[in-house]
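Single-letter residue listing:
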Amino acid sequence: MAKNWIYKTSGVPDELFNQSDEVPGPTKEEIRVVTISKARLREGSVVIDVGCGTGGLTVEAALQVGSKGKVYAIDEDPAAIKLTTRNVEKFGVENNVIITSGKAPQSLISLPNADAILVGGGGTSLRAILQIANSKLKPSGRIVVNAILLETATVAIEELKTLRFKELDIAQLTVAKGKQVNSGTMMMARNPIIIVSATKL
């Protein structure tokens, strides 16, 4: 039974997650909402979250797939593994989340086939991650890459085209949040994020 978020809609407020100076994140609320939407999850889906970090997307995905689904969260940073574990427990989804310490893409190989794979960045290993992800996705499975850097988005687009993914979609999100100042409300911009998503043939 999920706790601390009783709603079916995604978009858990950022401040509800346990956070740490050691680990960036969580992925901002509005970015998580669109990422989960692009993943097209349903009850019982199997999801892999590559580079889980704080665990924001892991928790959101687990809430969507429910008790019949499964989310595999991967990160090479021990601090991220610890923080994701805390957040998974905080939201009561530990029964359908498996957290693995390991470096992608190697850590993907032993995981079961998935309906959706979420990739946070990927760094210099992104091309290899996408190649392994392609072999792990079920037919019509979805991949979603969140990129801060233009170069990351470019590599994702090129590789997904090479792998013959369909329904390639590129969206840039720029979010500004209201902040109270003495004279009123000021809109504070956050870093733009490029979300690349596609469907396996």
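What you are looking at is a predicted structure, and each value in this text was computed from that prediction instead of being measured.

Parameters at a glance
Residues numbered from 1 in each chain as written. Predicted model: local features only at pLDDT ≥ 70, side-chain atom pairs only at ≥ 80, totals over all residues. Heavy atoms only, no water. Buried < 20%, exposed > 50% of the residue type's maximum accessible area, 1.4 Å probe, protein only. Helix = DSSP H or I, 4+ residues; strand = E, 2+ residues; numbered from the N terminus. Pairing = 2+ DSSP bridges. Axes fitted to C-alpha atoms, helices over the stretch in contact; angles between N-to-C directions. Contact = heavy atoms within 4.5 Å.

K.L.:
Any chance you could explain helix α2 (residues 56–65) here in plain terms?
P.N.:
The periodicity of an α-helix, 3.6 residues per turn, causes residues three or four positions apart to be oriented the same way. Across the ten residues of α2, ten count as buried, placing the element largely inside the fold. Every buried residue of α2 is listed here: Gly-56, Leu-57, Thr-58, Val-59, Glu-60, Ala-61, Ala-62, Leu-63, Gln-64 and Val-65. A positive phi of about 70° marks Gly-66, the residue just after α2.

K.L.:
Please clarify how the sheet that holds strand β5 (residues 137–147) should be interpreted in this entry.
P.N.:
Working definition: the strands of a sheet are paired by backbone hydrogen bonds and lie parallel or antiparallel to each other. The seven strands lie next to each other as β3-β2-β1-β4-β5-β9-β6, forming an open sheet whose pairing is mixed. A strand with exactly one partner marks an edge of an open sheet, and here the two such strands are β3 (97–101) and β6 (166–173). Across the sheet, the axes of successive neighbouring strands diverge by a mean angle of 15°, strand direction being ignored. Here strand β1 (residues 46–50) pairs with strand β4 (residues 114–120) via four bridges, running parallel. Along β4, the bridge assignment pairs Asp-49 with Leu-118. Strand contacts of helix α4 (residues 126–136): β1, β4 and β5, with the helix running at about 155° to β5, the strand carrying the most contacts. Relative to the sheet, helix α5 (residues 150–162) contacts β5, β6 and β9 (193–199), its axis offset from that of β9 by approximately 10°.

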